[in-house]
Amino acid sequence: MHLTVILAVLFHSCSAEEQIRMTLLGLKPFSSEVDKHYQCHTKPIHSDWIDASLESFRTGWTRDTASDNPPPPIPDFHSMDYFPHYKIHLPNNDNNYGFGVFGCGINRTGKFQNVNISTVRMRSDAYITPGNELVTQTVNIGDKGVNITMNIQSNGQNLIWRHNNTVAKMQRTSNTVTFSISGPIQLNHSGIYECHVDGERHQARHGLNLLLVRGK
């Protein structure tokens, strides 16, 4: 499986004078056990936005227990690099703490502007992977026929689909499996979709897909 660089850019503004720009760089999304950090590129917090704070977070659970879903550390600002940025170092060790969906957020006290961006991180030896290696999908409210597809390495096992940590569907394995969202897309369809073998979610070798829903 080749390595991919994900570059997520978000621009949000309330007026010409107040703008928040942030880029999240998720390096090697299929190497979470080796590559142990992601980056958030924005101006230094408190330099101009004295009422702002930047945080790192785990977007949602992708394993069964709180100890397997620890929050990421506080971001470190690297000002001397060619592109100054905040870096989040994930304490992976042997516990797969770098597996999952992580993000950065900027919050401003008493302001409308709050920005959150997430990135997906999976193991290189995952036995379930997103179709075409698409770890994120973006759809619009009202879209129809939206599917989440996963590729499976072995057949004959019971699979569980989850949406935002809740069991949504069970099925037997085949080379490719699909979760179809019925009806028009709504905001509550957004979030993390998982596909894992029954009883093996703790191994962190299953497939993840982040569905982003845009309003009209």
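So, a few notes on the structure that sits alongside this text. (Residues numbered from 1 in each chain as written. Predicted model: local features only at pLDDT ≥ 70, side-chain atom pairs only at ≥ 80, totals over all residues. Heavy atoms only, no water.)

Turning our eyes to something else, we now look at the packing of aromatic side chains. Inspection of every chain in the model, using the stated rule, returns 4 aromatic pairs. Considering the side-chain rings of Phe 77 and Tyr 86, the 4.7 Å spacing of their centres and the 50° angle between planes classify their relative orientation as tilted. Every member of this aromatic cluster is reached through a ring pair, and the members are Trp 161, Phe 179 and Tyr 193. (Phe/Tyr/Trp six-rings, centres within 6.5 Å; stacked < 30°, edge-to-face > 60°.)

So, about the environment of Gly 191. With respect to the element layout, Gly 191 can be found in strand 15 (residues 191-197). Among the residues examined, Gly 191 registers a relative accessible area of 15% and is labelled buried. Expressed as a C-alpha distance, the spacing of Gly 191 and Val 101, which sit 90 residues apart in the sequence, is 9.9 Å. Setting aside its immediate chain neighbours within four residues, Gly 191 contacts His 163, Asn 164, Asn 209, Leu 210 and Leu 211. (Helix = DSSP H or I, 4+ residues; strand = E, 2+ residues; numbered from the N terminus. Buried < 20%, exposed > 50% of the residue type's maximum accessible area, 1.4 Å probe, protein only. Contact = heavy atoms within 4.5 Å.)

With that settled, the discussion passes to the nonpolar core. In this structure, Ile 128 and Met 150 are the most contacted members of the largest nonpolar core, which totals 18 residues. Counting residues per element, the ones that place at least two in this core are strand 11 (147-152), strand 12 (158-163), strand 14 (176-180), strand 15 and strand 16 (207-214). Ignoring sequence-local partners within four residues, the contact set of Ile 128 consists of Met 122, Met 150, Asn 151, Ile 152, Leu 159, Cys 195, His 196, Val 197, Arg 205, His 206 and Gly 207. Leu 24, Leu 90, Val 115 and Ile 117 belong to the second-largest nonpolar core, a separate cluster that totals 14 residues. (Core = buried A, V, L, I, M, F, W, Y, C linked by side-chain atoms within 4.5 Å.)

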